[in-house]
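One-letter residues, chain by chain:
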Amino acid sequence: GATREPLDPVRFLSNRSSGKMGFAIAGAAARRGAEVTLVAGFTTAEPPPGVTLVRAESADAMLRACEMHFAACDIFLASAAVADYAPEVVAPQKIKKPTQTERAAQDADDGLTLRLRRTPDIVATLAARKQPGQVIVGFAAETEDLTANAARKLAAKRLDLIVANDVTQEGAGFDSDTNVVTLLWPDGRAEAWPRLPKSEVAARLLDALLALPLI
């Protein structure tokens, strides 16, 4: 799902992720007998049964939650839509628009300038701590140059596999029940799948993971 990065007590920065893809993977793994810890941000989908659900609203909170469980996991799948940036300062009270009188007195316009900070890169942080036998899977939601951008992330973050999708494609965007993905491996292999239900994408992904030599 999505992280929510607070701006003030009532507003936040976020994205359109529903959590459906991550929940489909978690549910499929649980049905195959895996012990699944599901760290989730904000979601509109219903969490699957048979998993241990840990909620984490912000990117910082999600990293802390993942760090708590990472050492014990065999496979870490980073499918959450984590915000890349968060407000540098969180206002203690609701940010209000100035009145016309206040704008005139301050000679100010109607705009608001926000300074943003980079959020932690969760999958890269944990991949750097990878132990022998662990498998790290990343996800790349892109709007252009799908394969090239995903390949860069795969190499830069030292992942064992990355699942890439172009969210501008029909049937592959946020909150869809289907997805169109391409799998990329560090040895240069790539495999593009047609549009499939997210449940089928999850099942095929688990099959691909079980075929990796590290498991």
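What counts and how
- Residues numbered from 1 in each chain as written.
- Predicted model: local features only at pLDDT ≥ 70, side-chain atom pairs only at ≥ 80, totals over all residues.
- Heavy atoms only, no water.
- Buried < 20%, exposed > 50% of the residue type's maximum accessible area, 1.4 Å probe, protein only.
- Helix = DSSP H or I, 4+ residues; strand = E, 2+ residues; numbered from the N terminus.
- Pairing = 2+ DSSP bridges.
- Core = buried A, V, L, I, M, F, W, Y, C linked by side-chain atoms within 4.5 Å.
- Salt bridge = Lys/Arg side-chain N within 4 Å of Asp/Glu carboxyl O.
- Disulfide = S-S within 2.5 Å.
- Contact = heavy atoms within 4.5 Å.
- Phe/Tyr/Trp six-rings, centres within 6.5 Å; stacked < 30°, edge-to-face > 60°.
- Lys NZ or Arg CZ within 6 Å of the ring centre and 35° of its normal.
- Patch = residues over 30% accessible without salt bridge, like charges linked within 9 Å, V, L, I, M, F, W, Y side chains within 5 Å.
- Areas by Shrake-Rupley, 256 points an atom, 1.4 Å probe, with all protein chains shown as cover.

What follows deals with the pairing of strand S8 (residues 135-142). On a regular strand, each side chain points to the face opposite its neighbour's, so the side chains alternate between the two faces of the sheet. In terms of burial, S8 is a largely internal element, six of the eight residues being buried. Judged from the four bridges that link them, strand S5 (residues 75-78) and S8 form a sheet pairing that is parallel. Within S8, the residue paired with alanine 78 across the bridge is glycine 138. Here S8 runs beside strand S9 (residues 161-166); their pairing, made up of six bridges, is parallel.

Turning our attention to the nonpolar core. By size, the foremost hydrophobic cluster in this structure holds 29 residues, and its most contacted members are Leu161, Leu183, Leu205 and Leu209. Counting only elements with at least two residues in this core, the list comes to helix H1 (20-31), strand S3 (37-40), S8, S9, strand S11 (181-184) and helix H6 (198-210). A per-element tally of this core places H1 first, with eight residues. Formed by 24 residues, the second largest nonpolar core is a distinct cluster that contains Phe70, Ile122, Leu126 and Leu184.

On to the pattern of salt bridges, then. Oppositely charged side chains are able to pair whenever their charged atoms sit close together. Going through the model one piece at a time under the given rule, you end up with 12 salt bridges. Linking arginine 129 and glutamate 67 is a salt bridge whose minimum nitrogen-to-oxygen distance equals 2.9 Å. One end of the pair, arginine 129, is in the loop between helix H4 (122-127) and S8; the other, glutamate 67, is in helix H2 (residues 59-70), and 62 residues separate them in sequence. What you see here is one network of salt bridges that share partners, running through Lys20, Asp175 and Asp177.

Quick look at the state of the cysteines now. Here a disulfide denotes a covalent bond joining the sulfur atom of one cysteine to the sulfur atom of another. Evaluation of the coordinates by the stated rule reveals zero disulfides. Summary of cysteine pairing: cysteine 66 is not part of a disulfide, and the nearest cysteine sulfur, belonging to cysteine 73, is at 9.0 Å.

A few words now on the environment of asparagine 165. When you line up the elements, asparagine 165 lands in strand S9. When its relative accessible area of 11% is taken as the criterion, asparagine 165 is described as buried. Separated by 149 residues in sequence, asparagine 165 and arginine 16 have C-alpha atoms that sit 15 Å apart. Once you skip the residues sitting within four places of it in the chain, asparagine 165 turns out to touch Ala140, Ala141, Glu142, Leu146, Ala172, Asn179, Val180 and Val181.

Any pair of aromatic rings gets described here by the distance separating the centres and the angle formed by the planes. Taken as a whole and assessed by the stated rule, the structure comprises one aromatic pair. Ring centres of phenylalanine 70 and phenylalanine 76 lie 5.7 Å apart, and the angle between their planes is 85°; on these two criteria the pair is classed as edge-to-face. For the pair phenylalanine 70 and phenylalanine 76, one class covers both residues: buried. Here arginine 4 stacks its cationic end above the ring of phenylalanine 42, 3.8 Å away from the centre of that ring.

Quick look at a nonpolar patch on the surface now. Together, Tyr85, Leu112, Leu114 and Leu116 line one region of the surface with nonpolar side chains, adding up to about 370 Å² of accessible area. Locating tyrosine 85 in the fold gives a position in strand S6 (residues 85-87). Among the residues examined, tyrosine 85 registers a relative accessible area of 41% and is labelled partly exposed.

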